[in-house]
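# Commentary on secondary and tertiary structure
One letter stands for each residue in the lines below.
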Amino acid sequence: NAGVTQTPKFQVLKTGQSMTLQCAQDMNHNSMYWYRQDPGMGLRLIYYSASEGTTDKGEVPNGYNVSRLNKREFSLRLESAAPSQTSVYFCASSGRDRGDYQETQYFGPGTRLLVL
Amino acid sequence: AQSVTQLGSHVSVSEGALVLLRCNYSSSVPPYLFWYVQYPNQGLQLLLKYTSAATLVKGINGFEAEFKKSETSFHLTKPSAHMSDAAEYFCAVTPWSSASKIIFGSGTRLSIRP
């Protein structure tokens, strides 16, 4: 059981380049999330998907697009990267553990992105 | 709106000393509360969670937290700090208005002195 996996681990882009961050989970969770983590800013939600086929904006969606490809996979795309998007990106999924009535989020290892 | 406040952005303790990381929440009803740990260059790992089953919750690596409704607190403790405990710790709450969203505190960086 791998949990939440993310690729790539590291990426360097030039301003204006595009790329897609991949995320997959094997816990059969309905909900998935993309966060960015910046020094002094904590974790900020970019987009989330409550179920396959649905996506919603979070706190900082500008400059990003997402695709919920199927129940397992949720990708984040930067169409035209900017230096302000230099950050660490975390994917998460959530589900109800046995006996719980609220969901618990589980996180991937992160992708470190540097935009020059 | 629900929120969590972590008191102290940086806490430093000696190896073997008590670890106390503070978290207060604002909620009109008992929420689900979580502590996550983030080791350097890694993702967030669930340390423990309060789900209303018991007020004293035990987690991994010898950590525990006590839910105190009267103080709206969920402080994280460990009796004896190890060097390996050096990490960033995040308190979080799940709002009743959304079963899946989560609100994080700003984090507390724990340093361990030899």
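Because the structure is predicted, anything quoted here is derived from the model rather than measured. (Residues numbered from 1 in each chain as written. Chains lettered and ligands numbered in written order. Predicted model: local features only at pLDDT ≥ 70, side-chain atom pairs only at ≥ 80, totals over all residues. Heavy atoms only, no water.)

### Section: the pattern of salt bridges
Formally: In the sections that follow, a salt bridge refers to a side-chain nitrogen of Lys or Arg positioned within 4 Å of a carboxyl oxygen of Asp or Glu. Note on classification: 1.4 Å probe, protein chains only; a residue is buried when its accessible area is under 20% of the maximum for its type, exposed when over 50%, partly exposed between these limits. Runs of E in the DSSP output that reach at least two residues are strands. Runs of H or I that reach at least four are helices, and both are numbered from the N terminus.
Evaluated as defined, the whole model comprises eight salt bridges over all chains. D38(A) is paired through a salt bridge with R36(A); the nearest N and O atoms lie 2.8 Å apart. For the residue pair D38(A) and R36(A), the accessibility class agrees, reading buried in each case. Between D100(A) and K49(B) there is a salt bridge; the shortest N-O distance is 2.5 Å. With one member in each of two chains, D100(A) in the loop between strand 9 (87–95) and strand 10 (104–107) and K49(B) in strand 5 (residues 44–50) form a pair that bridges those chains. With respect to burial, D100(A) and K49(B) carry one shared label: buried. Among the charged side chains, a network of salt bridges with common partners joins R36(A), D38(A) and R44(A).

### Some points on the pairing of strand 9 (residues 87–94) of chain B
All names here are of chain B. Where we set the bar: DSSP bridges decide pairing: two strands pair if at least two such bridges lie between them.
When you tally the buried positions in strand 9, you get seven out of eight residues, the bulk of the element. Bridge analysis of strand 4 (residues 32–38) against strand 9 gives seven bridges, and the strand direction is antiparallel. From the neighbouring strand, W35 faces strand 9, where its bridge partner is C91. Both strand 9 and strand 11 (residues 108–113) contribute to a ladder of three bridges, which runs antiparallel. Bridge assignment links Y89 to a residue of strand 11, and that residue is T108.

### Quick word on the sheet that holds strand 7 (residues 64–68) of chain B
Residues and elements named next belong to chain B. Operational definition: Axes here refer to lines fitted to C-alpha atoms; in helices the fit is confined to the stretch in contact. Angles between the N-to-C directions go from 0 to 180 degrees.
Ordered in space as 1-3-8-7-6, the five strands form an open sheet in which the pairing is antiparallel. Of all the strands in the sheet, just strand 1 (3–7) and strand 6 (56–58) have a single pairing partner and so form its edges. Going across the sheet, the axis of each strand differs from the next one's by a mean of 20°, ignoring polarity. In terms of strand pairing, strand 3 (residues 19–26) meets strand 8 (residues 73–78) through four bridges, oriented antiparallel. The partner of L20 across the bridge, within strand 8, is T77.

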